[in-house]
Amino acid sequence: MRLRLTPLLALPLLLTLGTTQAEPMPNPGPASKRPGFLVSELVTMPHPMRLIRQDPQRFGVSPEQMERLRRDLIEVYPPQLHQRVQAAWSPERSIRHAVLDEGQDSAAVADQLDELVQLKREATDIRIEALNRFRTLLEPEQYQAVMTASAEASGAR
């Protein structure tokens, strides 16, 4: 007898997995070293440091501000965030395998889903904290310009 996931049962799984892609590799290394690996965020938020690093003058970011951003953001938050993202890879891969290859239902992977959601929640908390810290390190006009550029770059509004 073959189990069929009804849309109601599949919805929590799809919402949790989101746009996640795990590249199949026989012996995968750390998540950060795999091209195409993505653990979707619980809540999608901008990544403003990418734009500032590319062109700090565009946003009027002074060398002193860049140093504070480096010291207070770049050295603090990415290690914490990457730890959670890398930890999320294991339950995410396991869930994908259990559902897609073995046909298990959401009840069978409930513990792994709980672990994945917890890791994604922790990562989201870190991102929120970092964005709030980022806001305090820039002038309001700079912050608004970076957020506007970030939204335009991502296609969001």
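Keep in mind that this is a model prediction, so the values were computed, not measured. (Residues numbered from 1 in each chain as written. Predicted model: local features only at pLDDT ≥ 70, side-chain atom pairs only at ≥ 80, totals over all residues. Heavy atoms only, no water.)

1. Quick word on the overall build of the protein
Piece 1. Across its full length, the protein carries six helices and zero strands.
Piece 2. Overall, the protein shows an N-to-C arrangement of helices and strands of α-α-α-α-α-α.
Piece 3. Going through the 157 residues of the protein one by one, you find that 32% of them count as buried.
Piece 4. Of all intrachain contacts in the protein linking residues separated by at least 6 positions in sequence, the fraction that spans at least 24 positions is 71%.
Piece 5. Of the accessible surface of the protein, which amounts to about 10300 Å², a share of 54% is contributed by carbon and sulfur atoms. (Helix = DSSP H or I, 4+ residues; strand = E, 2+ residues; numbered from the N terminus. Buried < 20%, exposed > 50% of the residue type's maximum accessible area, 1.4 Å probe, protein only. Contact = heavy atoms within 4.5 Å. Areas by Shrake-Rupley, 256 points an atom, 1.4 Å probe, with all protein chains shown as cover.)

2. With respect to the packing of aromatic side chains
Piece 1. Applying the stated rule across the entire model yields one aromatic pair.
Piece 2. When the centroid spacing of 6.0 Å and the interplanar angle of 55° are considered together, the rings of F134 and Y143 count as tilted. Residue F134 shares its accessibility class with Y143, and that shared class is buried. (Phe/Tyr/Trp six-rings, centres within 6.5 Å; stacked < 30°, edge-to-face > 60°.)

3. Some thoughts on the pattern of salt bridges
Piece 1. One pass over the structure, following the stated rule, counts seven salt bridges.
Piece 2. The salt bridge partner of E75 is R70, with a shortest N-O separation of 1.9 Å.
Piece 3. We classify E75 as partly exposed; its relative accessible area is 47%.
Piece 4. Note that R121 and D125 form a salt bridge whose closest N and O atoms lie 2.9 Å from each other. Of this pair, R121 and D125 both sit in helix 5 (residues 110–137), four residues apart, which is roughly one turn of the helix.
Piece 5. Taking the relative accessible area as the measure of exposure, R121 reaches 45% and is therefore partly exposed.
Piece 6. What you see here is one network of salt bridges that share partners, running through E67, R70 and E75. (Salt bridge = Lys/Arg side-chain N within 4 Å of Asp/Glu carboxyl O.)

4. Concerning the packing of helix 3 (residues 63–74) against helix 5
Piece 1. Two elements in contact, helix 3 and helix 5, have axes separated by 10 Å at closest approach and are oriented at 160°. What the angle tells us is that helix 3 and helix 5 run roughly antiparallel. Relative to helix 5, the crossing made by helix 3 is right-handed. Only A130, R133, F134 and L137 of helix 5 make contact with helix 3, whose side of the interface consists of Q65, R68, L69, D72 and L73.
Piece 2. For the contact of helix 3 with helix 5, the residue count by class is five nonpolar, one polar and three charged. (Axes fitted to C-alpha atoms, helices over the stretch in contact; angles between N-to-C directions. Parallel < 35°, antiparallel > 145°, perpendicular 65-115°, else oblique. Left-handed = near helix turned anticlockwise from the far one by under 90°. Nonpolar A, V, L, I, M, F, W, Y, C, P; charged D, E, K, R; others polar.)

5. Topic: the environment of Q104
Piece 1. Along the chain, Q104 falls in the loop between helix 4 (77–101) and helix 5.
Piece 2. Among all residues touching Q104, those that are not within four sequence positions of it are A98, V99 and V109.
Piece 3. Within the local environment of Q104, its side chain forms a polar contact with the side chain of E102, the two groups lying 2.8 Å apart. (Polar contact = N/O pair within 3.5 Å; in protein donor to acceptor, adjacent residues only side chain to side chain.)

6. Digging into the side chain of S150
Piece 1. Position of S150 relative to the elements: it lies in helix 6 (residues 140–154).
Piece 2. Of the residues examined, S150 reaches a relative accessible area of 8% and is grouped as buried.
Piece 3. If sequence neighbours within four positions are ignored, S150 has contacts with P46, H47 and L51.

7. So, helix 3
Piece 1. Considered for burial, the residues of helix 3 that qualify are Q65, L69, D72 and L73. Along helix 3, the residues classed as buried sweep out an arc of 95° about the axis, all on the same side. The outward face of helix 3, more than 90 degrees from its buried face, is lined by the exposed residues P63 and E64.
Piece 2. Those residues of helix 3 that are buried are in contact with helix 2 (48–54), helix 4, helix 5 and helix 6. (Arc of directions from axis to C-beta.)

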